[in-house]
Amino acid sequence: MIKILKYSFSDLTRSRWSFIYLGFYLLLGVVLLFLNNDLSKGIITLMNVIVVLTPMIGTIFGVMYFYNSREFTELLLAQPVKRSVIFLGQYLGISISLSLSLIIGLGVPFLAYGLFRSGEIANFILLLISGTFLTFIFVALAICIALFNSNKIKGFGYAILMWLFFAVIYDGLVLLSMMVFADYPLDNFALIASFLNPIDLSRIMILLKLDISALLGYTGALFQRFFGTHLGLIASWCMLLIWIIAPTVLLIQKAQRKNF
């Protein structure tokens, strides 16, 4: 698996799109710090970008890499190598390369600006960890979609629809439900709904860590009571881990049965 991981990793790091992704975050960090001249404001602005952009990039890269490397994958399948090893190595290679682009691209300008001399280092690390988790989650979901759909057009379409659902449509459905059932107690519903969307869960955790939960409106106090406790933080990180593990297990199970 290590060899396959190294190949996938090196293949993506040589890709011009990886350099564009790295350059985008590098430029974004420089511009934000130049305009805001404040690390805390820069981190708040980055949160809105990362929780939407990293899932989208992870989705596109995951499904694109699977379809483009299909012939190489079929060659590997003809070798005495376990299918789980092949697909797990490719998945980790994609996810790690994208995560490193995110960490290096944002880390360099913030470190140059004096991140270690400020009190925002914990918030910045949380931001990078959340972005990394989202990358691993959506790459796994994208590869699962590609495995279930041999047609490239359908695969890309379903992958983009999946990202749109979690990034935009899901919040609208939750808001509509809360408006329709406004006369009923919806505290537990709001908490469960946040757990079922990794983007919302990451956003809430970052907002609470930055102590700007007032932006969450009515549910801000509710989230502060739960997510602000040690139990809430542990449950949140465990849920994000489940969001990584569940599609990875599905990926391996589908790869074992798929006829290439």
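What counts and how
Residues numbered from 1 in each chain as written. Predicted model: local features only at pLDDT ≥ 70, side-chain atom pairs only at ≥ 80, totals over all residues. Heavy atoms only, no water. pLDDT = per-residue confidence, 0-100. Helix = DSSP H or I, 4+ residues; strand = E, 2+ residues; numbered from the N terminus. Axes fitted to C-alpha atoms, helices over the stretch in contact; angles between N-to-C directions. Parallel < 35°, antiparallel > 145°, perpendicular 65-115°, else oblique. Left-handed = near helix turned anticlockwise from the far one by under 90°. Contact = heavy atoms within 4.5 Å. Nonpolar A, V, L, I, M, F, W, Y, C, P; charged D, E, K, R; others polar. Buried < 20%, exposed > 50% of the residue type's maximum accessible area, 1.4 Å probe, protein only. Phe/Tyr/Trp six-rings, centres within 6.5 Å; stacked < 30°, edge-to-face > 60°. Lys NZ or Arg CZ within 6 Å of the ring centre and 35° of its normal.

Undergrad: I keep staring at the confidence of the model for the protein and nothing clicks. Help me out?
TA: Atom-level detail of predicted coordinates should not be read off regions where pLDDT is low. Confidence in the prediction of the protein, expressed as mean pLDDT, is 82, and 87% of residues score 70 or more. Within the protein, helix α6 (residues 121-148) carries the highest mean pLDDT (91), whereas helix α10 (residues 219-227) carries the lowest (61).

Undergrad: Just to check I follow, could you spell out the packing of helix α3 (residues 39-68) against helix α5 (residues 83-113) for this structure?
TA: Contact geometry for α3 and α5: axes closest at 11 Å, N-to-C directions at 155°. As summarised for this structure, α3 and α5 are arranged roughly antiparallel, according to the angle between their axes. In the crossing of α3 with α5, the sense of the turn from one axis to the other is right-handed. Contact with α3, carried on its side by L39, G42, I43, L46, I50, T54, I57, G58, F61, Y65 and F66, involves F87, Q90, I94, L98, L102, L106, F110 and Y113 of α5 and no other residues of that element. Here the residues of the contact of α3 with α5 are counted per class, giving 15 nonpolar, four polar and no charged.

Undergrad: Teacher, can you tell me more about the side chain of N197 here?
TA: Residue placement: N197 occurs in the loop between α8 (187-195) and α9 (198-209). On the basis of relative accessibility, which here comes to 0%, the residue N197 falls in the buried class. Residues contacting N197, with those up to four places away along its chain left out, are F166, Y170, D171 and W243.

Undergrad: Please explain the packing of aromatic side chains as it appears in this structure.
TA: The geometry of an aromatic ring pair comes down to the distance between the two centres and the angle between the two planes. Scanning all chains against the criterion turns up 13 aromatic pairs. Summarising the aromatic geometry, the rings of Y91 and F136 are spaced 6.1 Å apart at their centres and angled 90° between planes, so their arrangement reads as edge-to-face. In this pair, Y91 sits in helix α5 while F136 sits in helix α6, placing the two residues 45 residues apart along the sequence. Taking the relative accessible area as the measure of exposure, F136 reaches 15% and is therefore buried. Aromatic rings pair up to connect F138, F165, F166, Y170 and W243 into one cluster. The ring centre of F148 lies 4.7 Å from the NZ or CZ of K254, which sits over that ring.

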